[in-house]
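Structure at a glance
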Amino acid sequence: MDPKKQQLPPKENALFKRILKCYEQKQYKNGLKFAKQILANFSDHGETLAMKGLILNCLGRKEDAYSFVRQGLRNNLKSHVCWHVFGLLQRSDKKYDEAIKCYRNALKWDKDNLQILRDLSLLQIQMRDLDGYKETRYKLFELRPTQRASWIGYAMSFHLLQDYDTALKILEEFRKTIQKTTYDYEYSELLLYQNLVIRESKNLHEALKHLNTYEANICDKVTLQELRGELYMKLGRKGDASEVYRGLIKRNPENRNYYLKLEEALGLATVEERLKLYEELKEKFPRAQVPKRLPLNYARGEELESLLDPYLRAALQKGVPPLFTDIQSLYSDPDKIQIVEKLMNSYLTNLEETGHLCETDNEFKEPASILYVLMFLAQHHSYLGDIEKALALMDRALEHTPTLIELYIVKGKILKHAGDYVGSYEALQEAQALDTADRYVNSKAASYLLKANLVRQAEEMCSKFTREGVTAMENLNEMQCMWFQTECAQAYYRLGQYGDSLRKCHEVDRHFTEIIEDQFDFHTYCMRKMTLRSYVELLRLEDVLRSNRFYWDAAQIAITIYLRLHDQPLSANTGENNINTANMDPAELKKLRSKQRKAAKKAEQNKAEEKKKEEKKAEHQKAKSGGNTDDLDNQPAEDLDPSKLERTEDPLGEAIHFLKPLQTLAPNRIQTHLMAFEIYLRKGKPLLMLQALKRALKLEPTNPELHTCLIRFLQYRQDKLTNQCGTIVDVINREVTRLLPTTEPNKLNEDFLNNNQESLPHRLQAARSMVLLDSVQRERALSIATILDSHLHDRTHQNTQQVLEWMESREFGATPEQLSHYKAQCHAIYPRARAFCPPQPASTSSTSDSTSDSTTTTTITTTSSTANHNHVDSPSS
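Residues numbered from 1 in each chain as written. Predicted model: local features only at pLDDT ≥ 70, side-chain atom pairs only at ≥ 80, totals over all residues. Heavy atoms only, no water.

Things to note about the overall build of the protein
To keep it simple, the criterion reads: Numbered from the N terminus, helices here are DSSP runs of H or I no shorter than four residues, and strands are runs of E no shorter than two. Only protein chains enter the area calculation, which uses a 1.4 Å probe; residues under 20% of their type maximum are buried, those over 50% are exposed, and those in between are partly exposed. Throughout, a contact is declared for two residues whenever any of their heavy atoms are within 4.5 Å. Accessible surface is estimated by sampling points in the Shrake-Rupley manner with a 1.4 Å probe; for residues, cover comes only from the protein chains shown.
For the protein, the count of helices and strands is 47 helices and 0 strands. Looking at the protein as a whole, 49% of its 877 residues qualify as buried. Within the protein, contacts between residues separated by at least 24 positions form 63% of all contacts whose residues are at least 6 apart in sequence. Within the structure as shown, the protein displays about 44700 Å² of accessible surface, and the carbon and sulfur contribution to it stands at 49%.

Side note on the packing of aromatic side chains
Just so we agree on the cut-off: In this analysis, rings of Phe, Tyr and Trp, with Trp reduced to its six-membered ring, are considered paired at centre separations within 6.5 Å, and the interplanar angle assigns stacked below 30 degrees, edge-to-face beyond 60, and tilted for intermediate values.
Enumeration according to the criterion identifies 19 aromatic pairs in this entry. A ring pair is formed by Y96 and F520, whose centres lie 5.6 Å apart and whose planes are at 65°; its orientation type is edge-to-face. Taken together, the residues span a long stretch of sequence, with Y96 in helix α6 (residues 96–109) and F520 in helix α31 (residues 520–529) at a distance of 424 residues. Summarising the burial analysis for this pair, Y96 and F520 share the class buried. Between the aromatic rings of Y331 and Y383, the centroid separation amounts to 5.1 Å while the plane-to-plane angle is 80°, which identifies the pairing as edge-to-face. Of this pair, Y331 sits in the loop between α20 (323–327) and α21 (334–353) while Y383 sits in helix α22 (residues 369–383); the two residues are 52 residues apart in sequence, bridging distant segments of the chain.

Comments concerning unusual backbone geometry
For residues other than glycine, phi is negative in most cases, and the peptide bonds are mostly trans. Its identity as a non-glycine residue notwithstanding, K202 has a phi of 70°, on the positive side. Examined against the element boundaries, K202 turns out to sit in the loop between α11 (185–200) and α12 (204–213).

A closer look at the environment of L123
By secondary structure assignment, the location of L123 is in helix α7 (residues 114–126). Residue L123 is classed as buried on the basis of its relative accessible area of 0%. On a C-alpha basis, the gap between L123 and Y96 in space is 6.7 Å, while along the polypeptide they are 27 residues apart. Once residues within four sequence positions are removed from consideration, L123 is found in contact with R91, Y96, A99, I100, Y103 and F520.

Focus on the packing of α6 against α7
The following threshold applies: Orientation is described by lines fitted to C-alpha atoms, with helices fitted over the stretch in contact, and by angles between N-to-C directions that extend from 0 to 180 degrees. Put simply, angles under 35 degrees are roughly parallel, angles over 145 are roughly antiparallel, angles from 65 to 115 are roughly perpendicular, and the rest are oblique. With the far helix as reference, a near helix turned anticlockwise by less than a right angle produces a left-handed crossing, and one turned clockwise produces a right-handed crossing. Charged residues are taken to be Asp, Glu, Lys and Arg, nonpolar residues to be Ala, Val, Leu, Ile, Met, Phe, Trp, Tyr, Cys and Pro, and polar residues to be all remaining types, Gly included.
Relative to each other, α6 and α7 sit at 150°, their axes nearing to 10 Å. When the axes of α6 and α7 are compared, the pair comes out roughly antiparallel. In terms of crossing hand, the pair formed by α6 and α7 is left-handed. Contacts between α6 and α7 pair Y96, A99, I100, Y103, R104, A106 and L107 from the former with I116, L117, D119, L120, L123 and Q124 from the latter. In the contact of α6 with α7, the residues fall into 10 nonpolar, 1 polar and 2 charged.

Some thoughts on the pattern of salt bridges
Rules: Salt bridge, as used here, is a side-chain nitrogen of Lys or Arg placed within 4 Å of a carboxyl oxygen of Asp or Glu.
Considering all chains together, one arrives at 40 salt bridges under this definition. A salt bridge links R228 to E215; its shortest N-O distance comes to 3.1 Å. Of this pair, R228 sits in helix α13 (residues 221–234) while E215 sits in the loop between α12 and α13, and the two are 13 residues apart along the sequence. Here R549 ties to D553 by a salt bridge, and the two come within 3.5 Å at their closest N and O atoms. On the criterion of helical spacing, the pair formed by R549 and D553 is a turn pair, its members being 4 residues apart in helix α33 (residues 549–567). With a relative accessible area of 39%, R549 lands in the partly exposed category. Under the relative-accessibility criterion, D553 is labelled buried at 8%. Shared partners join several salt bridges into a network, and the residues in it are D567, E678, R682 and R712.

Regarding the nonpolar core
Note the threshold: In plain words, nonpolar cores are sets of buried Ala, Val, Leu, Ile, Met, Phe, Trp, Tyr and Cys residues tied together by side-chain atoms within 4.5 Å.
With 73 residues, the main nonpolar core has L308, I327, M344, V373 and F484 as its most contacted residues. Examining the composition of this core, we find that 9 residues originate from one element, α22, more than from any other. Not counting chain neighbours up to four residues away, the residues in contact with M344 comprise L312, L316, V373, F376 and L377. Formed by 63 residues, the second largest nonpolar core is a distinct cluster that contains M156, L160, I178 and V244.

Thoughts on the environment of E273
Relative to the helices and strands, E273 is located in helix α16 (residues 271–284). In this structure the C-alpha to C-alpha distance between E273 and E263, which are 10 residues apart in sequence, comes to 9.3 Å. Filtering out sequence-adjacent residues up to four positions away, E273 remains in contact with G267 and L268.

So, the state of the cysteines
Here, disulfide denotes a covalent bond that connects the sulfur atoms of two cysteines. For the record, the criterion: Disulfide: a pair of cysteine sulfur atoms within 2.5 Å of each other.
A full pass over the atoms with the stated rule returns 0 disulfides. C462 provides the cysteine sulfur closest to C481, a residue in no disulfide bond, and the two sulfurs are 6.6 Å apart.

Overview of helix α19 (residues 301–318)
The condition is simple: Helix span, expected: 1.5 Å multiplied by one less than the number of residues in the helix. Note on bend: the value at a residue is the angle between axes fitted to the seven residues ending there and to the seven starting there.
A rise of 1.5 Å per residue sets the reference length of α19, with its 18 residues, at 26 Å; its end C-alpha atoms lie 26 Å apart and thus fit the reference within 8%. Of all the bends found along α19, the most pronounced is centred on L308 and spans about 25°, while P310, a proline, follows it within four residues. Within the sequence span of α19, burial applies to L304, L307, L308, D309, Y311, L312, R313, A315 and L316. Where α19 is buried, its residues touch α16, α17 (290–293), α18 (295–298), α20, α21 and α22. In the segment just after α19, G319 is the residue with positive phi, at about 85°.

Focus: the packing of helix α24 (residues 405–417) against helix α25 (residues 421–434)
At their nearest, the axes of α24 and α25 sit 7 Å apart, and the two run at 170° to each other. With respect to α25, the element α24 is oriented roughly antiparallel. Counted together, I405, Y408, I409, K411, G412, L415 and K416 of α24 and Y421, G423, S424, A427, L428, E430, A431 and L434 of α25 form the full contact between these two elements. Here the residues of the contact of α24 with α25 sort into 9 nonpolar, 3 polar and 3 charged.

Let's talk about α7
Since the α-helix turns once every 3.6 residues, residues separated by three or four places project in the same direction. As a reminder of what qualifies: The term polar contact refers here to a pair of N or O atoms within 3.5 Å; inside protein, the definition further demands a hydrogen-donor-capable atom paired with an acceptor-capable atom, and it admits residues adjacent in sequence only when both atoms are side-chain atoms.
Between its terminal C-alpha atoms α7 stretches 18 Å, which fits the 18 Å expected from 13 residues at 1.5 Å a residue. For α7, the buried fraction is high: 11 of the 13 residues fall into the buried class. Taken together, the buried positions of α7 are L114, I116, L117, D119, L120, S121, L122, L123, Q124, I125 and Q126. Sitting at the head of α7, N113 places a side-chain oxygen 3.1 Å from the backbone nitrogen of Q115. Directly beyond the C-terminal end of α7, a positive phi value near 60° is found at R128.

A short note on the environment of N350
Structurally, N350 is set in helix α21. Judged by relative accessible area, which is 10%, N350 ranks as buried.

Comments concerning the side chain of Q194
Considering the arrangement of structural elements, one finds Q194 in helix α11. Of note is the side chain of Q194, whose polar atom sits 2.9 Å from the side chain of E172. The residues touching Q194, leaving out its near neighbours within four places in the chain, are L168, L171, E172, R175 and H210.

Digging into the side chain of R533
Within the fold, R533 resides in helix α32 (residues 532–543). Side-chain polar atoms of R533 contact the side chain of E189, separated by 3.1 Å. Not counting residues up to four positions away in its chain, the partners in contact with R533 are E189, L192, Y193, L196, D220 and T223.

Looking at the confidence of the model for the protein
The line we're drawing: The predictor attaches a confidence to each residue, and that confidence, scored 0 to 100, is pLDDT.
Averaged over all residues, the pLDDT of the protein equals 87, while 87% of them reach at least 70. Considering only residues more than four positions removed or in separate chains, one finds that residues 575–584, a stretch of pLDDT under 50, has 11 contacts. Considering only residues more than four positions removed or in separate chains, one finds that residues 623–630, a stretch of pLDDT under 50, has 15 contacts.

Following this line, the structure appears as structure tokens:
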């Protein structure tokens, strides 16, 4: 279109400027009114159409917004405003690559536009387009050389590209322009950032010289000394480093890291030298705990006993509940376990006989000491696997003081370790009843309820501390409470409610996406406030954000479910298919169909009500924000429908969505590669399967689950690739011959079984492989997997439960007699594990809703089965 026709007369041009002002001030209705006035006379004005579309996007009318912006762009392709607006729309939809293209097109027509350059630089650092970021920051630096952010942004672009020399030159020139005051924290941060760049350039002598030169200007003296000590160590000046760390210990005698660094600086190699150092430090800092605790890691025998005795007695007299957690690291040595047990038993005997912890110490008497001794011994025996003795000690402690909350927490933990999740949450509910205002106890109780698969009760427990007016689930999702959501996903998975479980997994995934999006708030803020070191740390953290354990837990559950849904897809009437209608008489069948129609009608009504609630909620939010339901970057997320999630058309594609970040950020965890193998096996990608197996073999060649994957790969090779030829087959054959001692799956499985006769997890996987290779050997496989001799390694209730799940699965399909026999054997060994308890007789009397839910859930927990055997462990409490 002719550019002259796109020029507005003065009156309309003034109105257009008012549109821009209304948009900036979020007065969207006024902006639309002014746009309407311009378009009444100039209906083809591209920039006005674009601005109208931008305002409509802020009001949530996305389709109309795109229509107007595209129309405006067609009318005026040479307008930087139209391209900029189109870029803003793409950014609001998280299409950052497209937004960058739009901004670059806008700069073709107005290359010195500061706002477009700033927006472009934000997107480039967000997408880690560091070369493009450097170019944009240089342009901003040219246009605004007097602004601090221009210097810092340009220097940081070189730092992130690891061009340290150029970054340092820019920072030094900028430092010279700063007017220093007596106490200038921002100048101090600039100096520390400059030192960070010098250290990363490996110029350690220059970094130390820089610290010494500007010591007076650096306000953070602790960081200054820590950096100095670190540099002295790297330069080999250990004498100077030891003096620095002695000064830091004097400043903070409870910092464990300072003591370890001092040991390293002094070059202490023997136990005697270390103990002598800590003896000296104990005299200097008699009230500090760290110099008393660290020697326990090194001492042995009588020396350990002489050091451990006063340490334990002081903690027991003071009443320190987490004493066992403090000492637990010593339990890696069996000799130290015996010393701890001997001392604690002697304390218990002395307290029962004399009321004192030690026969020689008769001056101090604390009646509560016996309580903490009993609690410690209970945790001690629970750790060693003697659950009954641990619970007997806990009962004695509760009899002594039934109002101490910590006792119920410890009891719940012991029962959880024994597999009695119902007993564990009951203990925590008692603790919660003693102090209803304690958020930690409330959270712990909710966690144990989820482990017992009581999701509704867990939600009710959490609702005591969530915002009123919304459900606990919604509020916990808003607060990004990921421990609850991952445990909730596991509970739903165990209950077979795959859609609800996937919903929780996707919510966790969205949290990580939101955290990454939140970087936008810091790109300009950190440069303005000069928190440069923290900003660089933030960028590096965001790059590896999905290595967090919460994402790992959610991804593992989601991948396991998607694999199961690929193997056994759910139909629209899955529930009906599970009912045997062939043997029903006509009256019963008619009754069933009527019941199903009513249930379907009720489901539709509930869905309509939910939709109305969502619309009301959206209207309320709109009214609350003055018609601004969207600040351009915060588009409302699409609702996660459990039924749609569990009936996805491409479950393997969804599984890969969760797998990709793990392959990048968690390559050192073998489960990453085992899950990758499972996915690629189903997709029929032999090279990717081989890649996953090679990576897993490098990490843990004796892993039991890896063995089953190897057997399945060899079986796949025999079935699908034997009669084929080509480069891929040649590569696979060559690699398999190189990696494995034999390419015959049956021989490989027998060798694996013979080499791991004493390990229960290995026997289980050998049995699985045996059934996969030859179903005739079912009985032999069952006898191999179900052996429960006491000499077996890793014979825990979790591993025996995995055997039970395999027996119940479609892969093996054990008979009811085989299942009940194995459960009875396990119940004799683990009497408190609910998974092996015999089913309770049904009660004829009516029960309350909560009791009914509890009974149903316990039964489900006991008989739960999983089709896919990538076992998902519950996250640690």
